[in-house]
Amino acid sequence: MLDTLASLGEQINKNKSKFDEIIEFEPKIDADKKNYCLNIIFDIDKEEIIVSSENLEEFDPTESSSTHYLLKTFSARSGKTYVAALLGKIEHLKVSLFGKVDETKGQFVNDIDKKYPGIKDSLFYKALTSIYEIKDKASTLDKNEINKLLGIGGNESVVFCYSSIRNSSLGIDHLTELSSLPGYEVFLNKKFFDQKENEKESLCYASGKKQKNVKVSEYRSRNSMSAMFVQSTWNYASNFLKNNFTKNFQLNGNVNRNIETGSNFLLKNYTVSIADVFHVIVPQFLTSQKTDYLSILSKLSNKSDLVFKLKSVEDLDIEITDEIDDEIYWLNFLAIESDGTYFKTANLIKDVSKPYFVKIIKVLKQVNYEFMDYLNSKYSFNLYSIYHYLPVKYISKGNRKVPSPKNEALTIFKDVLEHRSIDKSILFRNFTKYLICQRSGQFDPFNRHNSYGNVQRVDQFDFAIKNAVFNYLAFIQALLKLNLLNHKNMENNQKTSGEESGSEFGKRIEEFFDKMEYSETQKALFYLGRVLSRIAFAQSGKGHETKPVLNKINYNGMDKNAIIRLRNDLADKARQYKIVNKTDFDFSRFTDFFKPNDEKELLNPEENLFYLLSGYSFGMIKDDSDKKGNQNNNE
């Protein structure tokens, strides 16, 4: 992975100024507001800090940050050395110039004193020391105070502030930006770029070559993949002996810079949410290739969207533009946790080959078209959509809820991407869990389940059943096409002939059986589900909107004895509601296919429930928002 980051970073750095990598080029802005930069004036002649709306200028996203040297936020250990700061981080500018309450100098001056004494004769340094003389005015550098002084309206926003000085005693008679004073760029060069080179050649871990200027890796930002490759975190250095770390894990200075650039580029542009966990996509190429990384990554973005993001069905017609190119690569999906001060891995999906990833996309597209009549959704079926039917426990983290570390949906997706078999019992177990969530009614005001945060409430339980059944059937078909489903108990899913009802609806059922490759037992349960649906419809017609017959279902699963009891209960209900003539055919088909004494044909309780409810939900009206219930369940 390091070699990819280094090569990608090298391509990007070819077209960049060295200062570009330390500038915050894309601060967060509110696109609906008019955004400004504020010039804060430190007038030493008048002994005051001037914050005035006259010193506002319109924020230009292409130039403002570099013109005024808005630097990225660096590790706190390096001290605060800023001449410009985001309004939300105005404290950084305050501490840079005035230090903390108990400090006798600004942290910028302190940093120069300790590390770069050669700059102390510069006008920039003298300007900094003179600013400290008005520390009693430092309270002006406060977000709320600045907004108050400016009289900022509701449709306006200050993005960042930069600093200027007037000090006649230093010969600065006209207002001058601190960043324009002689000495500032010297400081930047010494702090970030003019590192003393080691002429002795040593082995660079990333390149595998002996090079000059090789030393232990250091990274300016903790919010970077690069930070995982340092001794303090050990994420990817766990196999190195601590005593030998500085000797074994060293990088050439330019390689080190390129790795950080490549890391930041991927974090900014190539990330996906897999099972609600943030992942960055890291491609890996054959080292012998001369690769155009940026071109390949641009194509990869569209592919990833089809697999991991909610997309409209129309987007399925997007062509996979590089299916037949000569590039060979693998994909790694790195789950990360970071709050800006640390960076660590939470999950790694590795070595997903390009041909297999393309195959996943093709299979998902194929399943979408095959299930269009059943899913009836304007959104495409992919890993994003099935995630909401695989209940995941959410835990509180700070002021938000996130998936717990035991995220079974993420484990399933990892198996899919790494081409490992999945036991179908895991799917049916999650299916029952999903229905229990819907049945419980335990949802917050935002319609999210109180414990399983990825489960959204469906107003009508019938549609919760229907949506779950067909999304799971689609997922099962996708897994079969990818040769990923554990085939235990699935070898009996041969096509079987049987008498059709003769109606158009009956033909649709037979076509459905053929497409889904239902076994005889699965067909039996389907037909029993059809009886259940007819009785539920009859109860609804009598004003029993809750359809009490559904209470006879055990949503944890139905074993053989429970199925037999349900069959008998449904026969009684058919007589009670005088619909025996409407249930005879379905009962007879159940009897034809159900073999209670053949252990090989029996399914586990969760699977029994699934195929029973597939019959119950088959033929429901297509529009999930329709309030008519399952009245179209019957031919």
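The rules behind each value
- Residues numbered from 1 in each chain as written.
- Predicted model: local features only at pLDDT ≥ 70, side-chain atom pairs only at ≥ 80, totals over all residues.
- Heavy atoms only, no water.
- Helix = DSSP H or I, 4+ residues; strand = E, 2+ residues; numbered from the N terminus.
- Buried < 20%, exposed > 50% of the residue type's maximum accessible area, 1.4 Å probe, protein only.
- Contact = heavy atoms within 4.5 Å.
- Areas by Shrake-Rupley, 256 points an atom, 1.4 Å probe, with all protein chains shown as cover.
- Expected span 1.5 Å × (residues − 1).
- Salt bridge = Lys/Arg side-chain N within 4 Å of Asp/Glu carboxyl O.
- pLDDT = per-residue confidence, 0-100.
- Polar contact = N/O pair within 3.5 Å; in protein donor to acceptor, adjacent residues only side chain to side chain.
- Core = buried A, V, L, I, M, F, W, Y, C linked by side-chain atoms within 4.5 Å.
- Phe/Tyr/Trp six-rings, centres within 6.5 Å; stacked < 30°, edge-to-face > 60°.
- Axes fitted to C-alpha atoms, helices over the stretch in contact; angles between N-to-C directions.
- Parallel < 35°, antiparallel > 145°, perpendicular 65-115°, else oblique.
- Left-handed = near helix turned anticlockwise from the far one by under 90°.
- Nonpolar A, V, L, I, M, F, W, Y, C, P; charged D, E, K, R; others polar.
- Pairing = 2+ DSSP bridges.
- Patch = residues over 30% accessible without salt bridge, like charges linked within 9 Å, V, L, I, M, F, W, Y side chains within 5 Å.
- Lys, Arg positive; Asp, Glu negative; His and termini not counted.
- Charge placed at Lys NZ, Arg CZ, Asp CG, Glu CD.

Chemist: So what exactly am I meant to see when it comes to the overall build of the protein chain here?
Modeler: Within the protein chain one finds 21 helices and 16 strands. In the protein chain, which comprises 635 residues, the share counted as buried stands at 51%. A fraction of 70% describes how many contacts in the protein chain between residues 6 or more apart in sequence connect residues 24 or more apart. On the protein chain, roughly 30300 Å² of surface is accessible, and the fraction owed to carbon and sulfur atoms is 46%.

Chemist: Would you mind going over helix H1 (residues 2-13) with me for this structure?
Modeler: Along an α-helix, residues three or four positions apart point the same way, because every turn accommodates 3.6 residues. For H1, built from 12 residues, the straight-helix expectation of 16 Å at 1.5 Å per residue is met to within 8% by its first-to-last C-alpha distance of 16 Å. Within H1, the full set of buried residues consists of Leu-2, Thr-4, Leu-5, Ala-6, Leu-8, Gly-9, Ile-12 and Asn-13. In this structure, the buried side of H1 is in contact with helix H9 (253-269), strand E12 (277-285) and helix H10 (293-308).

Chemist: I'm lost on the pattern of salt bridges in this one. Help?
Modeler: If the charged atoms of two oppositely charged side chains come close together, the side chains can form a pair. Using the criterion set out here, one finds 21 salt bridges in the structure. Residues Asp-43 and Arg-166 are paired through a salt bridge, measuring 2.7 Å at the closest nitrogen-oxygen approach. Within this pair, whereas Asp-43 is found in strand E1 (residues 34-43), its partner Arg-166 is found in strand E5 (residues 156-167), the two being separated by 123 residues in sequence. The class for Asp-43 is buried, based on a relative accessible area of 1%. A salt bridge links Asp-569 to Lys-552; the shortest N-O distance between them is 3.9 Å. One end of the pair, Asp-569, is in helix H19 (residues 560-576); the other, Lys-552, is in the loop between helix H18 (520-541) and H19, with 17 residues separating them in the sequence. According to the relative accessible area criterion, Lys-552 is partly exposed, its value standing at 35%. Look at the salt bridges and you will find they share partners, linking Lys-414, Asp-415, Glu-418 and Arg-420 into a network.

Chemist: Explain the confidence of the model for the protein chain here, please?
Modeler: Note: predicted coordinates in regions of low pLDDT should not be interpreted at a detailed level. Residue-level pLDDT values for the protein chain average 85, and 85% of them are 70 or greater. Per-residue pLDDT, averaged within each element of the protein chain, yields its smallest value for helix H8 (residues 245-248) (62) and its largest for helix H5 (residues 123-131) (97). Note on residues 320-324: pLDDT under 50 across the span, and 12 contacts to partners over four residues away in sequence or across chains. The low-confidence segment residues 622-635, where pLDDT is below 50, has 41 contacts with residues more than four positions distant or belonging to other chains.

Chemist: What am I meant to see in unusual backbone geometry here?
Modeler: Leaving glycine aside, a negative phi is the common case for residues, and trans is the common case for peptide bonds. Unlike most non-glycine residues, Ala-275 shows phi in positive territory, near 55°. Tracing the chain through its elements places Ala-275 in the loop between strand E11 (271-274) and E12.

Chemist: Would you take a moment to explain the environment of Leu-570 for this structure?
Modeler: Along the polypeptide, Leu-570 turns up in helix H19. Separated by 39 residues in sequence, Leu-570 and Val-531 have C-alpha atoms that sit 7.2 Å apart.

Chemist: Would you take a moment to explain the environment of Phe-98 for this structure?
Modeler: Mapped onto the secondary structure, Phe-98 falls in helix H3 (residues 90-98). Sequence separation between Phe-98 and Tyr-132 is 34 residues; the distance between their C-alpha atoms is 5.5 Å.

Chemist: Please clarify how the side chain of Ser-385 should be interpreted in this entry.
Modeler: Tracing the sequence through the fold places Ser-385 in helix H13 (residues 383-387). A polar contact is formed between the side chain of Ser-385 and the backbone nitrogen of Asn-382, at a distance of 2.8 Å.

Chemist: Sorry if this is basic, but what is going on with the nonpolar core here?
Modeler: General note: in soluble globular proteins, nonpolar side chains tend to be found buried as a group. Ranked by internal contacts, the top residues of the largest apolar core, which has 132 residues, are Phe-333, Phe-357, Phe-413, Phe-475, Phe-512 and Leu-613. Per element, the largest residue contribution to this core is 15 residues, and it comes from helix H16 (residues 461-481). In this structure, Phe-333 is in contact with Val-272, Ile-274, His-279, Val-280, Ile-281, Phe-308, Asn-347, Leu-348, Ile-349, Val-352, Phe-357 and Leu-417, ignoring residues within four places of it in sequence. Listed in part, the 46 residues of the second largest apolar core include Ile-119, Phe-124, Leu-150 and Phe-192.

Chemist: Explanation requested: the packing of aromatic side chains in the structure shown.
Modeler: Aromatic ring pairs are described here by two measures, namely the spacing of the ring centres and the angle between the planes. Applying the stated rule across the entire model yields 41 aromatic pairs. Centroid distance Phe-285 to Tyr-329: 5.7 Å. Interplanar angle 55°. Geometry classified as tilted. In this pair, Phe-285 sits in strand E12 while Tyr-329 sits in strand E13 (residues 329-338), placing the two residues 44 residues apart along the sequence. Of the two residues, Phe-285 and Tyr-329, neither departs from the other in class, the shared state being buried. Aromatic side chains Phe-513 and Tyr-527 sit 5.7 Å apart centroid to centroid with 75° between the ring planes, which places their arrangement in the edge-to-face category. One end of the pair, Phe-513, is in helix H17 (residues 504-516); the other, Tyr-527, is in helix H18, and 14 residues separate them in sequence. On the basis of relative accessible area, Tyr-527 is assigned to the buried category, the value being 2%.

Chemist: How should I be thinking about the packing of H18 against helix H20 (residues 580-593) in this particular structure?
Modeler: Viewed as axis vectors pointing N to C, H18 and H20 meet at an angle of 160°, and their least axial separation amounts to 8 Å. On the basis of the axis angle, H18 is roughly antiparallel to H20. Viewed along their axes, H18 and H20 form a crossing whose handedness is left-handed. Listed contacts from H20 to Glu-520, Thr-521, Lys-523, Ala-524, Tyr-527, Leu-528, Arg-530, Val-531 and Arg-534 of H18 are Lys-582, Thr-583, Phe-585, Asp-586, Phe-587, Arg-589, Phe-590 and Phe-593.

Chemist: Please clarify how the packing of H17 against H18 should be interpreted in this entry.
Modeler: Geometry of a packed helix pair, given as the angle between the helix axes and the separation of the axes. For the pair H17 and H18, interaxial distance at closest approach is 12 Å and the crossing angle is 145°. Relative to H18, the crossing made by H17 is right-handed. Across the interface between the two elements, Phe-505, Ile-509, Glu-510, Phe-512 and Phe-513 of H17 pack against Lys-523, Phe-526, Tyr-527 and Arg-530 of H18. Its residues placed into classes, the contact of H17 with H18 shows six nonpolar, no polar and three charged.

Chemist: What is the right way to read the pairing of E11 from this model?
Modeler: A regular strand places its side chains so that they alternate between the two faces of the sheet. Because side chains alternate across E11, one face comprises the buried residues Val-272 and Ile-274, and the other comprises Thr-271 and Ser-273, none of which is buried. Pairing of E11 with E12 involves four bridges; the strand directions are antiparallel. Across the sheet, residue Ser-273 finds its bridge partner in E12, namely Phe-278. The antiparallel hairpin formed by E11 and E12 contains two residues in its connecting segment, where Ala-275 sits at a positive phi of about 55°.

Chemist: Just to check I follow, could you spell out a negative patch on the surface for this structure?
Modeler: A cluster of acidic side chains, namely Glu-504, Glu-511, Asp-514 and Glu-517, defines a negative patch on the protein surface. Locating Glu-511 in the fold gives a position in helix H17. Under the relative-accessibility criterion, Glu-511 is labelled exposed at 53%.

Chemist: Which parts of the structure should I look at to understand helix H21 (residues 605-617)?
Modeler: A rise of 1.5 Å per residue sets the reference length of H21, with its 13 residues, at 18 Å; its end C-alpha atoms lie 18 Å apart and thus fit the reference within 8%. By the criterion of burial, H21 is predominantly enclosed, with 11 of the 13 residues buried. Looking at the buried residues of H21, the elements they touch are helix H15 (424-440), H16, H18 and H19. For H21, the N-terminal capping position is held by Asn-604, with its side-chain oxygen 3.2 Å away from the main-chain nitrogen of Glu-606.

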